[in-house]
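Summary of structural features
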Amino acid sequence: MRQMDRYPFIFAIVLFLLAWMLGLPVRAQSAPLNDIHCTLIQDAQSGATLYQDGVCDQRVSPASTFKVPLALIGYDAGILSDQHTPSWDYKPDFKAAKRDQKTVDPTIWERDSIVWYSREITRRLGTEKFAGYVSKFGYGNKDVSGDAGKDNGLTQSWINSSLGISPVEQTAFLRQLLAGKMPVSAKAHEMTQAILPTFAAGDWTVQGKTGSTRLGQDGKRSLGWFVGWAKKDGRRIVFARLAVDGKRTDKLKGLATRAAFLKDLPGLIK
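Overview of the structure. None of the values given here were measured: they were computed from a predicted structure.

**Considerations on the nonpolar core**
- Judged by nonpolar contacts, the single largest core of 58 residues is most densely connected at Trp-109, Tyr-117, Ile-121, Phe-130 and Phe-137.
- Here this core takes six residues from helix α2 (residues 67-76), the largest share from any one element.
- Ile-41, Ala-201, Val-206 and Ile-237 belong to the second-largest nonpolar core, a separate cluster that totals 12 residues.

**Comments concerning the pairing of strand β1 (residues 36-43)**
- Most of β1 sits inside the fold, with seven of its eight residues counted as buried.
- Sheet topology note: the β1/strand β6 (residues 235-245) ladder contains eight bridges and is antiparallel. Looking at β6, one finds that Asp-43 is bridged to Ile-237.
- Here five bridges tie β1 to strand β2 (residues 49-54), and the two strands are oriented antiparallel to one another. Looking at β2, one finds that Thr-39 is bridged to Asp-53.

**What to know about the packing of α2 against helix α4 (residues 115-125)**
- Running from N to C, α2 and α4 cross one another at 40°; their axes reach a closest spacing of 11 Å. With respect to α4, the element α2 is oriented oblique. Considering only the axes of α2 and α4, their crossing is left-handed. Two secondary-structure elements touch here, α2 through Lys-67, Leu-70, Ile-73 and Gly-74 and α4 through Val-115, Ser-118, Ile-121, Thr-122 and Leu-125.
- Residue classes in the contact of α2 with α4 are distributed as five nonpolar, three polar and one charged.

Reading guide: rules and limits
- Residues numbered from 1 in each chain as written.
- Predicted model: local features only at pLDDT ≥ 70, side-chain atom pairs only at ≥ 80, totals over all residues.
- Heavy atoms only, no water.
- Core = buried A, V, L, I, M, F, W, Y, C linked by side-chain atoms within 4.5 Å.
- Buried < 20%, exposed > 50% of the residue type's maximum accessible area, 1.4 Å probe, protein only.
- Helix = DSSP H or I, 4+ residues; strand = E, 2+ residues; numbered from the N terminus.
- Pairing = 2+ DSSP bridges.
- Axes fitted to C-alpha atoms, helices over the stretch in contact; angles between N-to-C directions.
- Parallel < 35°, antiparallel > 145°, perpendicular 65-115°, else oblique.
- Left-handed = near helix turned anticlockwise from the far one by under 90°.
- Contact = heavy atoms within 4.5 Å.
- Nonpolar A, V, L, I, M, F, W, Y, C, P; charged D, E, K, R; others polar.

Okay, here's the thing in structure tokens:
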């Protein structure tokens, strides 16, 4: 090969290495982090994809959808007992928003998405057990180290921090949960399914969890999740809807994402 002929080849390699080092997407399915939309619906038993739209293979923060695996962990570890036990009182040390300054049990925790209750569960677990469960679950990138240099993985890793999961991984996790195949007790499977909020979408009965956060150090990107499962006429599906927009909003984007999915579902799956 002549020296001049090598230049395009070398240039291509340099571009690829730069993209890899900078964390830029190199796959055809990927999209810029500031604008991601995915709706993924699968058959709960077979895993067959029934509907897919958008970029569904890119990992982002799970935000409060992490309360689903955390419920499994809490029940399996004996920290949570049933739908209403334990009931913990709010303490000023929690520094929560005014709406969350109340007594909370497992059902209220999932329904109202109470962050301080999640943190009380993880504190009781401790760093080693917490990381062990997430690793056993194979949940997303399994990284619960938290923000670099802040030693906050136990209380922050799932909120705009180190832990990341894609919609494809969300539905795979949900299928394992519904099949009773997670490495936890039968009671943990049963109680986690019992405390997830229930909604109606046409003839579908939906159970699911929202997630909302702002991404990046500048907090200018709004993230919204809605993940869960739905039943109709003996049929069961799992789903994940994700919306990441490159503009900041003061509203909880997970709630808007949930409302849009509940409206859309009857038309997506007949």
